[in-house]
Amino acid sequence: MIAYEDLKKSNEVFFKEYNQVFQQTLQSGWYILGREVTQFESDFAKYCGVKNCIGVASGLDAMVLAFKQLKFEPGDEVIVPSNTYIASILAIVQCGLKPILVEPDIKTYNIDPLRVEAAITLKTRAILVVHLYGKMCDMGQIMNIAKRFHLCVIEDCAQAHAACYQGKMAGSFGDFGAFSFYPTKNLGALGDAGAVTTNSEVGAQAIRTLRNYGSSTKYVNDEIGYNSRLDELQAAFLSIKLKHLDVITAHKRKLASIYLNELKSDFILPIIQKGFDDVFHIFAIRHPEREKLRTYLLENDIKTEVHYPIPPYKQKAMSGILKENEYPLSEEIHGTILSLPISFGHSEDDVFNVVEIMNKF
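What comes next concerns the included structure. Since this is a predicted model, take the numbers as computed values, not measurements. (Residues numbered from 1 in each chain as written. Predicted model: local features only at pLDDT ≥ 70, side-chain atom pairs only at ≥ 80, totals over all residues. Heavy atoms only, no water.)

**Quick notes on the overall build of the protein**
Counting its regular elements, the protein contains 13 helices and 14 strands. Here the C-alpha atoms of the protein give a radius of gyration of 20 Å, agreeing with the 21 Å that 2.2 N^0.38 yields for 361 residues. Expressed as lengths along the three principal axes of its C-alpha atoms, the size of the protein is roughly 65 × 55 × 40 Å. Counting only residues that meet the buried cut, the protein has 55% of its 361 residues in that class. Long-range pairs, those at least 24 residues apart, make up 70% of the contacts in the protein between residues at least 6 apart in sequence. Across the protein, the 38 positively charged side chains and the 43 negatively charged ones have centroids separated by 2 Å. (Helix = DSSP H or I, 4+ residues; strand = E, 2+ residues; numbered from the N terminus. Rg over C-alpha atoms; globule rule 2.2 N^0.38 Å. Buried < 20%, exposed > 50% of the residue type's maximum accessible area, 1.4 Å probe, protein only. Contact = heavy atoms within 4.5 Å. Lys, Arg positive; Asp, Glu negative; His and termini not counted. Charge placed at Lys NZ, Arg CZ, Asp CG, Glu CD.)

Shown next, in the form of structure tokens:
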């Protein structure tokens, strides 16, 4: 059986280093907001090409804290892609803001800049771009629109660690970048973890305060905050994996190249564009008989995933918040998308085997 994801296998190469930092952290006696968090924040900020990184508890929290720091008014509008994962929408809603869904480009699956501009109203305050599947959005056009309309930009980088647009890293374009380090990510922890990146010193300090009960001085609480802190152990694990992120990325790009070069034309493959350095967190294809294909692959001992089977506007939690049945491109994507095995734990032979079986479908 070729699993879609085997986290043990993907992390085995790091076990020795993990065990060393586990013992060091255990014996240090300091488990929250200590040296390991500070070191990872410094290293990741440098890696992303920004001035500040603030470690938080999850990718969702990273987005929430970014919006909270911006202090928008209740009901202010945030433009967001209609085919994103629910977390992007939840962050907006949990901050009392109104999500305005905009359709993606059917070729890239990322938000369409032309549709972004058409969705702007007098109440629009921000654009939440989502670098879906490891491909960055067209940040040149997005940032031009944001500048012309005086809008903030938050980047949901949960699937885009090390992805680049025109040589510049994800998380370095907008006012804030929000990262998830969920274990399946290219830069994954061994539990929940996240971070915010920003070039704003004021914004960084505000988020550091918000993540720690609204306190910058112990027992002094200046505002209503949260308990959302990256813990020492996860930070130590992330520091190890960050040193190997370029190797992880190169491996996934190699696996992607096999799919791109060897799969027959029946399958709609990810688009490759000049100036976009994709990291293939997810290798998503499309096929009109997705469920039949998925069943066929499972019968041949290949597991796949669907990212995502239900669009956010059809989720029960969004009833009365998001409008249904107005997003035909999202419907097309959600109904035909299929994610193939492409983890750091997969070998080239694994992918060639997947290709061989798929080409017989």
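**Let's talk about the pattern of salt bridges**
Under the defined criterion, the tally for this structure stands at 13 salt bridges. E41 serves as the salt-bridge partner of R211, at 2.8 Å between the closest nitrogen and oxygen. One end of the pair, R211, is in helix α8 (residues 201-211); the other, E41, is in helix α3 (residues 35-48), with 170 residues separating them in the sequence. The buried category is assigned to E41, whose relative accessible area is 9%. Linking E332 and R286 is a salt bridge whose minimum nitrogen-to-oxygen distance equals 3.2 Å. One end of the pair, E332, is in helix α12 (residues 328-336); the other, R286, is in strand β13 (residues 283-286), and 46 residues separate them in sequence. (Salt bridge = Lys/Arg side-chain N within 4 Å of Asp/Glu carboxyl O.)

**Here we look at the sheet that holds strand β4 (residues 124-130)**
Pairing in this open sheet of seven strands is mixed, and the strands run β1-β9-β8-β5-β4-β2-β3 from one edge to the other. In this open sheet, the two strands that pair with only one neighbour each are β1 (52-56) and β3 (98-102). In this sheet, adjacent strand axes meet at a mean angle of 25° when their direction is disregarded. Note that strand β2 (residues 77-81) and β4 share three bridges and pair parallel. Of the residues in β4, the one forming a bridge with I79 is I127. Across the sheet, α3 touches β1, β8 (176-180) and β9 (194-198), and the angle it forms with β1 is around 130°. Contacting β1, β8 and β9, α8 runs over the sheet at an angle of about 15° to β1. (Pairing = 2+ DSSP bridges. Axes fitted to C-alpha atoms, helices over the stretch in contact; angles between N-to-C directions.)

**Some remarks on the sheet that holds strand β6 (residues 164-165)**
Taken together, the three strands give an open sheet; going across it, the order is β7-β6-β12, and neighbouring strands pair in antiparallel fashion. Sheet topology places β7 (168-169) and β12 (276-277) at the edges, where each strand pairs with a single neighbour. With two bridges connecting them, β6 and β7 associate as antiparallel partners. Residue pairing in the sheet places C164 in a bridge with M169 of β7.

**Digging into unusual backbone geometry**
Geometrically, the link from H307 to Y308 is a cis peptide bond, its omega value of 20° lying close to zero. Mapped onto the elements of the fold, Y308 is located in the loop between α11 (290-299) and α12. The residue Q166 is not glycine, and still its phi comes out positive at about 50°. For Q166, the position within the fold is in the loop between β6 and β7.

**A word on the packing of helix α4 (residues 59-70) against α8**
In helix packing, the relevant descriptors are the interaxial angle and the interaxial distance, both defined with respect to the helix axes. The contact between α4 and α8 brings their axes to 9 Å, and the two run at 115°. For the crossing formed where α4 meets α8, the hand is right-handed. Contact residues: L65, A66, K68 and Q69 in α4; G203, A206, I207, L210 and R211 in α8. Here the residues of the contact of α4 with α8 sort into five nonpolar, two polar and two charged. (Left-handed = near helix turned anticlockwise from the far one by under 90°. Nonpolar A, V, L, I, M, F, W, Y, C, P; charged D, E, K, R; others polar.)

**Quick look at α3**
End to end, α3 covers 20 Å across 14 residues, agreeing with the expected 20 Å (1.5 Å per residue, within 8%). The first or second residue beyond α3 is G49, which carries a positive phi of 75°. (Expected span 1.5 Å × (residues − 1).)

**Notes on the side chain of T304**
In this fold, T304 is placed in the loop between α11 and α12. What makes T304 buried here is its relative accessible area of 7%. Look past the residues within four positions of T304 in its chain and what remains in contact with it is Y4, R294, L297, L338, S339 and L340.

**Comments concerning the packing of aromatic side chains**
One pair of aromatic rings is described through two measures. These are the centre distance and the angle between the planes. Taken as a whole, this structure holds 16 aromatic pairs when the rule is applied. Geometrically, the ring pair formed by F40 and F44 is stacked, given 5.5 Å between the ring centres and 15° between the ring planes. Residue F40 and its partner F44 are both found in helix α3; the two are separated by four residues, about one turn of the helix. By relative accessible area, F40 is classed as buried at 0%. In this structure, K168 is placed above the aromatic ring of F173, and the distance from its NZ or CZ to the ring centre is 4.7 Å. (Phe/Tyr/Trp six-rings, centres within 6.5 Å; stacked < 30°, edge-to-face > 60°. Lys NZ or Arg CZ within 6 Å of the ring centre and 35° of its normal.)

**A few points about α4**
An α-helical segment advances 3.6 residues per turn. Residues three or four places apart therefore align on the same side. Under the 1.5 Å per step criterion, the end-to-end length of α4 is 17 Å for 12 residues, consistent within 8% with the ideal 16 Å. Within α4, nine of the 12 residues are buried, which leaves the element mostly enclosed by the surrounding structure. Listed as buried for α4 are G59, A62, M63, V64, L65, A66, F67, Q69 and L70. K71 sits one or two residues past α4 and shows a positive phi near 55°.

Keep in mind these values describe shape, not function.
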